[in-house]
Amino acid sequence: MFPFIDNGAPRGPLPGSQCRHVGSPGPTNTHLSILHRSALSQVINIHNDDFFVAVPATLAGHKPPEQLNWVHKQRMGNLIKVLTRDIDNNGGNFFLDFENAQPSSSEKVVWENVNQVLTESQVILEELQGYTGAGEEIRQAIQSPNEEGVQERAWSAVLPLVTKLKTFYEFSHKLECSLPCLLDVLTSPDAPPTQQLEHKQALARQFALILHFTLRFDELKMTIPAIQNDFSYYRRTISRMRINNMCADADNEVNNELANRMSLFYACATPMLKTLSDATSKFVSDNPDVPIENTTDCLSTMACVCKVMLETPEYRSRFTSDETVLFCLRVMVGVIILYDHVHPAGAFVKTSTIDMKGCIRVLREQPASSVEGLLNALRYTTKHLNDDTTPKQIRNMLQPN
C-alpha cells in the first residue's frame, strides 16, 4: 500500500512521533529519509516542495539507522513513486513511467541521439511485419531452372527483400552502439541504481524501448521462415552469377563478406537479443573501472520495478493501455536475459538479486498466447538456466505446459 500523501499544509506530529524536516538536513537536498517498511511511520506531508516525515520518537534526533533508506525525490506529475515494499531488495519503491517520461536538461544530449535510433526502430518493425517473402517465385525458379524469364522474376522479387534484410542487419549495429550510451549513464556510480533510474526516467524509458524492440523483432523473425529461405536463394544465385561474371550489381548491394555476416545474424533464433547481450557484455569488459555490480544492479532493479508495477494494482491501473502491460513484460524478460549473460553466476542462482520465481509467476499469470514467446526466451536464450546452481523449482516453473 502507498503511504498517505497529501498536498495540504504540513500537519503536526502524530502521537508518539516527532516531525523532522528533511528538505535541507541529511546527505543532500534531493533525498528524502523514510523508514524501512517494517517501521514506517504514519504519514508523509508535502507542502511547497518541503518534505516532512513523521518518525517514532525513539528514532528522532538520531542518525538514520540501517533501517532507514534514502529515496530520491522526484516529481513526475501526479505520480506517487514511493511504494513501501521491496525497498531493501534493489528497487520496487517507485513508479517507472514508461509511457510519459520526458528528458531533463541533463539527459537531453544522450536522449536525442538514442531517440533517432528508436524512431527508426518503428520503421524496422513495420517493414518486418510486412515481410511476405518470395516463396512462390523461388519455387517456380527451382522447378524451371532453364527458363530465363522465370529466373529473372525470382531474382527481381528477391533482390529488394535482401535490401530490407541488409537494412535490418545494419540497424542491429546502430542498436549495438546506442546501448553503451545509455548504460554509461544508468550505471554511473554517482548514486544507487534505484535513484539513477528514478532520476533519469527518460533514459530508463529509452533503455526499455530498446529491449521492447529487441524482443518484438525476434518474436516476429521467428514467425517468418521466408527470411532465411530468401537469403539462401540469394546466396545460391550469387554464386552462380559469379561463375558467369554477372554479379557486379549484386555485389554492390551485398558483397560476399557482408553476406557471410548476415547469414550468421539470421541463423540465430534471436539475432537482436544476441546483439544486445553481446553489447552489454562488451560494455562491462570495455569499462573495467566500472564495477560489474553497477551494471547488474541496474538490470536487476529494472526487473524488480517491472515485476512490482505488474503485480501491484495501484500501479497497473495507471497504464493507459494493455499494450503497456506487454511492454513491461518484455522489458522485464529482456533485462533478466542481459543480467544472466553479464553476471558470472547468472540470474537463476539462489543468490541472484532478481526474484526469478516472482518474475516467472507474473509471466504465468498472463494469457498464455501473449507470453509464450517471452517464456521461450527465458528457456532458450539465457546462459545459466541449465546450470547445476539453478534451483529445481525455477526449472520446473519454466517447463512448457
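Rules behind the numbers
- Residues numbered from 1 in each chain as written.
- Predicted model: local features only at pLDDT ≥ 70, side-chain atom pairs only at ≥ 80, totals over all residues.
- Heavy atoms only, no water.
- Helix = DSSP H or I, 4+ residues; strand = E, 2+ residues; numbered from the N terminus.
- Buried < 20%, exposed > 50% of the residue type's maximum accessible area, 1.4 Å probe, protein only.
- Contact = heavy atoms within 4.5 Å.
- Areas by Shrake-Rupley, 256 points an atom, 1.4 Å probe, with all protein chains shown as cover.
- Salt bridge = Lys/Arg side-chain N within 4 Å of Asp/Glu carboxyl O.
- Polar contact = N/O pair within 3.5 Å; in protein donor to acceptor, adjacent residues only side chain to side chain.
- Phe/Tyr/Trp six-rings, centres within 6.5 Å; stacked < 30°, edge-to-face > 60°.
- Axes fitted to C-alpha atoms, helices over the stretch in contact; angles between N-to-C directions.
- Left-handed = near helix turned anticlockwise from the far one by under 90°.
- Nonpolar A, V, L, I, M, F, W, Y, C, P; charged D, E, K, R; others polar.
- Core = buried A, V, L, I, M, F, W, Y, C linked by side-chain atoms within 4.5 Å.
- pLDDT = per-residue confidence, 0-100.

*Asks:* Explain the overall build of the chain residue by residue, including any values.
*Replies:* When helices and strands are tallied, the chain shows 15 helices and 6 strands. Every one of the 401 residues in the chain was classed for burial, and the buried ones make up 50%. For the chain, restricting intrachain contacts to residue pairs at least 6 apart in sequence, the fraction spanning at least 24 positions comes to 77%. Summing over all exposed atoms, the chain offers an accessible surface of approximately 19300 Å²; the carbon and sulfur share of this is 51%.

*Asks:* A description of the pattern of salt bridges should follow, citing residues and the corresponding values.
*Replies:* Summed over the entire model, instances satisfying the criterion amount to 12 salt bridges. With its nearest N and O atoms 2.9 Å apart, the salt bridge here joins Lys 174 to Glu 120. Residue Lys 174 is located in helix H3 (residues 148–186), and its partner Glu 120 is located in helix H1 (residues 108–129); the two are separated by 54 residues in the primary sequence. With a relative accessible area of 40%, Lys 174 lands in the partly exposed category. Among the salt bridges present, the one from Lys 282 reaches Asp 286, with a minimum N-O distance of 2.6 Å. One end of the pair, Lys 282, and the other, Asp 286, are both in helix H9 (residues 271–286), 4 residues apart, so they sit about a helical turn from each other. Taking the relative accessible area as the measure of exposure, Lys 282 reaches 47% and is therefore partly exposed. Using a relative accessible area of 45% as the deciding quantity, one classes Asp 286 as partly exposed. Several salt bridges converge on common partners, so that one network encompasses Arg 216, Glu 219, Glu 323 and Arg 330.

*Asks:* Give a detailed account of the side chain of Asn 294, specifying residues and quantitative values.
*Replies:* Tracing the backbone shows Asn 294 in helix H10 (residues 292–311). Here the side chain of Asn 294 touches Thr 187 through a polar contact of 2.9 Å, landing on its backbone oxygen. Asn 294 has contacts with Thr 187, Ser 188 and Pro 189, leaving out every residue within four places of it along the chain.

*Asks:* How would you explain the packing of aromatic side chains if you had to name every residue and give the values?
*Replies:* Tallied over the entire structure, the rule returns 8 aromatic pairs. A centroid spacing of 5.8 Å and a plane angle of 20 degrees characterise the contact between Phe 231 and Tyr 234, whose relative ring orientation is stacked. In this pair, Phe 231 and Tyr 234 are both assigned in helix H6 (residues 226–243), 3 residues apart and thus about one turn of the helix distant. Neither residue differs from the other here; Phe 231 and Tyr 234 are each classed as buried. Among the aromatic residues, those joined into a ring-pair cluster are Phe 168, Phe 171, Phe 213 and Phe 217.

*Asks:* Give me the packing of H3 against H9: which residues, what numbers.
*Replies:* For the pair H3 and H9, the least separation of the axes is 9 Å and the interaxial angle reads 35 degrees. Of the two elements, H3 crosses H9, and the hand of that crossing is right-handed. Of H9, the residues touching H3 (which contributes Phe 168, Phe 171, Ser 172, Leu 175, Glu 176, Leu 179, Pro 180, Leu 183 and Asp 184) are Met 272, Thr 275, Leu 276, Ala 279, Thr 280 and Phe 283. For the contact of H3 with H9, a count of residues per class yields 10 nonpolar, 3 polar and 2 charged.

*Asks:* Any details on the nonpolar core? Residues and values, ideally.
*Replies:* Formed by 104 residues in total, the largest nonpolar core has its most connected members in Phe 98, Phe 207, Met 302, Leu 329, Met 332, Ile 336 and Leu 363. Ranked by residues supplied to this core, first place goes to H3 with 17 residues. If we skip the residues at most four places from it in the chain, Met 302 touches Leu 96, Phe 98, Leu 197, Ala 204, Phe 207, Ala 208, Val 331 and Val 335.

*Asks:* How would you sum up the confidence of the model for the chain? Please name residues and give values.
*Replies:* Looking at the chain, the pLDDT average stands at 77 and 74% of residues meet or exceed 70. Contacts of residues 1–93 to residues separated by more than four positions or lying in other chains number 188 contacts, the stretch itself having pLDDT below 50.

*Asks:* Summarise the environment of Ala 269; cite the residues concerned and give the values.
*Replies:* As for its placement among the helices and strands, Ala 269 is situated in the loop between helix H8 (256–267) and H9. In the structure, Ala 269 is positioned 50 residues away from Glu 219 in sequence and 9.2 Å away in space, judged by C-alpha atoms. Leave out the neighbours within four places in its chain, and Ala 269 touches Asp 218, Lys 221 and Met 222.

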